[in-house]
Amino acid sequence: MESLRQDLAYGLRALVKSPGFTIVAVLTLGLGTGANTAIFSVLNGVLLRPLPFREPERLVMVWNNNTKANQPQAALSVPDLLDYRENNVFEQIASLAYDDFNLTGGDQPERLQGTMVSANFFSVLGVTAQVGRVFLPDEGQSGADRVVVISSGLWKRRFGGDPAVVSQTIPLNGASFTVVGVAPAEFQSPEKGDELWVPMSFDAADRLRIPSISAPEDFKRRSFRFLKSFARLRPGAALDQAQAEMATIAGRLEQQYPDSNTGLGISLVPLHRQIVGDVKPALLLLLAAVGLVLLIACANVANLLLARAASRQKEIAIRVALGAGRARLIRQLLTESVMLALAGGGLGLGVAWVGLRALIGINPPNVPRLETIGIDARVLGFTLLVSLLTGLVFGLVPALQASRPDLNEALKEGGRGSTGGIGRRRVRSILVVTEVALTQMLLIGAGLMLKSFYSLQQVNPGFTPDSVLTMQVTLPPVKYAEPSQIAAFYEQALKRIETLPGVQSVGAATSLPLTANSLARRFTIDGRAPGSPNERLVAGYGAVSPDYFLAMGIRLINGRAFTNQDRDKSPQVIVINETMRRRFWPNEDPIGRRISITAERGVSREIVGVVADVKNSSLDSESGLQMYEPYLQVPWNFMAIAVRTGASPLSLAQPVRDEILGVDKAQPVYDVKTMAQIVDDSVSQPRLYMLLLAVFAGVALSLAAVGIYGVMNYSVNQRKHEIGIRMAIGAQPLDIMKLILGQGMLLAIIGVAVGAAAAFFLGRFIEMLLFGVSGRDLTTFIGIPIVLLLVSLLASYVPARRATRVDPMIALRAE
């Protein structure tokens, strides 16, 4: 212990005596360690931290698996759910259906994210209330009192955290609900953050209030699938066992109900995997990227230590001459390395904290469990472990090299400076090659992501997003129970908005492109055989106002758009998209043909127009089949309003809100965004990954450039005598320049070649994150090496230019 204390004291004095070296090394390691700590914090919060439920490893999502319709995760119907409950592998199955609510009664009406849940929802998750209680079993029965559990956030924001809120009634969607409890602060529904939960009954439409449900008998149809469900496995039940038993039940239902269940299987997915599945590959890629940054930082510091060891040869030789053993010297040098690494780790924690604050401040969409990301004991342990390992990694080779000094040369009075021998020069060269190779891999990865993101942005979404303001409106079913009331509200609101200064056109639709609210409907083409159950036709669906296509900038290809004459008493009409025309009428005009939508119980509609394809789900997906109905013929209580203006769209936000409140002062307006923002949000996740990878690649490039510069600069300093002799016997400055540049570029070329080969081999692993570009894109694999070689040339040029200014007489006299 005493010797360790001496090593620490001696190492601290040595580092303090070389402040320039110490600062550079700590900063380099701080960047590398900080990047790793930040990404690991995200990985820890998203992937490693358990879900805030009781025994979360026993929770699984239960999906229908319709392979024929390419729907591996389809919702369940009420009859199927009731049949699935009869099993031997689950304790219970719970269900939910997302539905937002209008909260009125205050100064401003407010739209809240909510979920309709089965009464056993909280008990299956193993969650108890923070204040009050959760639902009782009979509160899921028809005729029970309306009750609600609110989130901790809503409780504090709207009710000041007052426990007396329990037993109070609040107006939701025009009906009174009694607050029975407040959920824990960390709780949120699977897959989605909510502000309130209400129990649903499967046999009363007035309880559930999902807009697509027109009558209670819809619940009885096996083809009406709207429930997301999850279950808790019995103790000791394995996932494979549960999958096999549920598949047996699904097979029996397929035989009993061929019209609705043919080709319909079952799929069980662990709840944790369901929540984080999409983001896992990208996070692992980013962790690998920051790992490369840390290795580059280690190589850089190792080179600094080798250079420093050369200047300490006499000191080390004296210690050896006085009897210090090699193991003792290695321990001392490794102690200094670990002290540097720990200091870099401390700085890295600060870097990580700043980075995480920035990430959470950005609040990127589609990153699950963002609220769980932070620096906890596991992250601190990771940083400590990484610091210790990096201290050993970058310190071991320099320690081994420095602990074998040439005593005769090192103790010789006035002996010539040494480059440290062929072995030490070779080690420094290998480290530089390693830095360049790792940097090349990162740069190619960043280049591929950048090119992929550029390709994504060039996709034509099928509409013109510029100068369009959007907002959502949902009418409470209690107050707007009749279709005529719904149609009258939206017709009056649109007319009022049209009169605002600066408004060019205004439209409404059940959902906007590139949002998560898209709908789908089954349909048949009149005069054609319906086909087997597995071949039922499904298309995206929207109910829209007459000027919706104009307001969104969706091109009319053939026929006409809807007009104000397309009402409930007029002939039933429909508009289809170009993909639908190409598939079903490839060589003929579809205008005048007829389509029947299954949900409308056989109502036949005449095709009156064809519009351009629109990207409804994402820019990187196919447009698919899409059909539109006039909202005046099929009123929906929830609509998105799109306002095209010649001015700044957001400047119209308040005037448009005022006009809607002028129709109904209790009606909240929410999700106010420009269409450009919606497009921007739709690519936020690939943009985030691209930016992070680009930042890491930029740091790596800077470290590699510094590494090349450091090695070549040190080489010039150590070879002044040699350079002086060369110039004394006639070498010209250009010859010296070529000599130094040639050595530096040789290392860079080898590193670039190795890195490109490794990146080419690993390219297939990144392809899942790319769009419109191959993981082995030729232009990237040509352009990136050129950039890296140019940077390497610049890093070598400065030392080479210094070498050409060496005075031969001064260099020889100094020796």
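Structure: see above.
Here we summarise the structure given alongside this text. Remember, predicted model here, so these are calculated numbers, not experimental data. (Residues numbered from 1 in each chain as written. Predicted model: local features only at pLDDT ≥ 70, side-chain atom pairs only at ≥ 80, totals over all residues. Heavy atoms only, no water.)

Among the secondary structure elements, Leu443 is positioned in helix α15 (residues 421-457). Between the C-alpha atom of Leu443 and that of Ala700, which follows or precedes it by 257 residues, the distance is 8.3 Å. Once residues within four sequence positions are removed from consideration, Leu443 is found in contact with Ala697, Leu701, Ile784 and Leu788. (Helix = DSSP H or I, 4+ residues; strand = E, 2+ residues; numbered from the N terminus. Contact = heavy atoms within 4.5 Å.)

Within a regular beta strand, the side chains point alternately toward one face of the sheet and then the other, so they alternate between its two faces. Counting buried residues along strand β1 (residues 59-66), seven of its eight residues qualify, which places the element largely inside the surrounding structure. In the sheet, β1 pairs with strand β13 (residues 225-233) via four bridges, with the strands oriented antiparallel. If you follow Met61 over to β13, its bridge partner there is Phe230. In this structure, β1 lies alongside strand β14 (residues 264-270), joined through seven bridges in antiparallel fashion. Opposite Trp63, over in β14, you have Ser267 as the bridge partner. Taken together, the two bridges between β1 and strand β2 (residues 71-74) define a ladder with antiparallel strand orientation. Paired with Asn64 across the bridge in β2 is Ala74. (Buried < 20%, exposed > 50% of the residue type's maximum accessible area, 1.4 Å probe, protein only. Pairing = 2+ DSSP bridges.)

End to end, helix α23 (residues 733-766) covers 46 Å across 34 residues, agreeing with the expected 50 Å (1.5 Å per residue, within 8%). The sharpest bend along α23 reaches about 35 degrees and sits at Phe760. (Expected span 1.5 Å × (residues − 1). Bend = angle between axes of the 7 residues up to and from the residue.)

Attention now goes to the pattern of salt bridges. Pairing is possible between side chains of opposite charge, provided their charged atoms come close. Following the criterion strictly, the structure yields 23 salt bridges and no others. Put simply, Glu139 and Arg133 hold a salt bridge, and the shortest N to O gap is 2.8 Å. Its salt-bridge partner being Glu491, residue Arg567 comes within 2.3 Å of it at the nearest N-O pair. Taken as a pair, Arg567 in the loop between β19 (556-559) and β20 (573-577) and Glu491 in helix α16 (residues 483-498) lie far apart in primary sequence, 76 residues in all. According to the relative accessible area criterion, Arg567 is partly exposed, its value standing at 31%. (Salt bridge = Lys/Arg side-chain N within 4 Å of Asp/Glu carboxyl O.)

Inspection of the entire model under this criterion finds 19 aromatic pairs. With a centroid separation of 5.1 Å and 90 degrees between ring planes, the pair formed by Phe549 and Tyr628 is classed as edge-to-face. Here Tyr628 lies in strand β23 (residues 626-630) and Phe549 lies in helix α17 (residues 548-552), a separation of 79 residues in the sequence. Pair check on accessibility: Phe549 and Tyr628 agree, each one buried. Measuring from centroid to centroid gives 6.0 Å for Phe584 and Trp585, while their planes differ by 65 degrees, and the two rings are edge-to-face. (Phe/Tyr/Trp six-rings, centres within 6.5 Å; stacked < 30°, edge-to-face > 60°.)

In this structure, Asn120 sits in the loop between β7 (114-117) and α4 (121-125). Not counting residues up to four positions away in its chain, the partners in contact with Asn120 are Gln92, Ile93 and Ala94.

Below, the discussion takes up the pairing of strand β11 (residues 175-182). Among the eight residues in β11, six count as buried, and that is most of the element. Of the strand pairs in this sheet, strand β8 (residues 131-132) and β11 are connected by two bridges, and their pairing is antiparallel. Residue Val131 lies in a different strand from β11, and its bridge partner there is Val182. By the bridge criterion, four bridges tie strand β9 (residues 147-150) to β11 in an arrangement that is parallel. Its bridge partner being in β11, Val148 is matched across the sheet by Val179.

This next bit is on helix α20 (residues 675-682). Those residues of α20 that fall on the buried side of the exposure criterion are Met675, Ile678 and Val679. Buried residues in α20, looked at end-on, bunch into an arc of 100 degrees, giving them a common side. Contacts made by the buried residues of α20 are with β15 (468-474), α17 and β25 (670-674). (Arc of directions from axis to C-beta.)

Together, Leu778, Ile782, Ile786, Leu790 and Leu793 line one region of the surface with nonpolar side chains, adding up to about 480 Å² of accessible area. The class of Leu793 is partly exposed, set by a relative accessible area of 35%. (Patch = residues over 30% accessible without salt bridge, like charges linked within 9 Å, V, L, I, M, F, W, Y side chains within 5 Å. Areas by Shrake-Rupley, 256 points an atom, 1.4 Å probe, with all protein chains shown as cover.)

Contact geometry for α16 and helix α19 (residues 653-663): axes closest at 9 Å, N-to-C directions at 140 degrees. Regarding the angle of α16 to α19, the classification is oblique. Judged by the twist between their axes, the crossing of α16 over α19 is right-handed. The residues of α19 that touch α16, namely those facing Phe489, Gln492, Ala493, Arg496 and Ile497, are Val656, Glu659, Ile660, Gly662 and Val663. Considering only residue class, the contact of α16 with α19 consists of six nonpolar, two polar and two charged. (Axes fitted to C-alpha atoms, helices over the stretch in contact; angles between N-to-C directions. Parallel < 35°, antiparallel > 145°, perpendicular 65-115°, else oblique. Left-handed = near helix turned anticlockwise from the far one by under 90°. Nonpolar A, V, L, I, M, F, W, Y, C, P; charged D, E, K, R; others polar.)

Attention now moves to the packing of α23 against helix α24 (residues 778-804). Two numbers describe how α23 lies on α24: the axes approach to 8 Å, and their chain directions differ by 155 degrees. The angle between the axes of α23 and α24 places the two elements in the roughly antiparallel class. Classified by chirality, the crossing of α24 by α23 is right-handed. Of the residues that constitute the contact of α23 with α24, the class distribution is 21 nonpolar, four polar and one charged.

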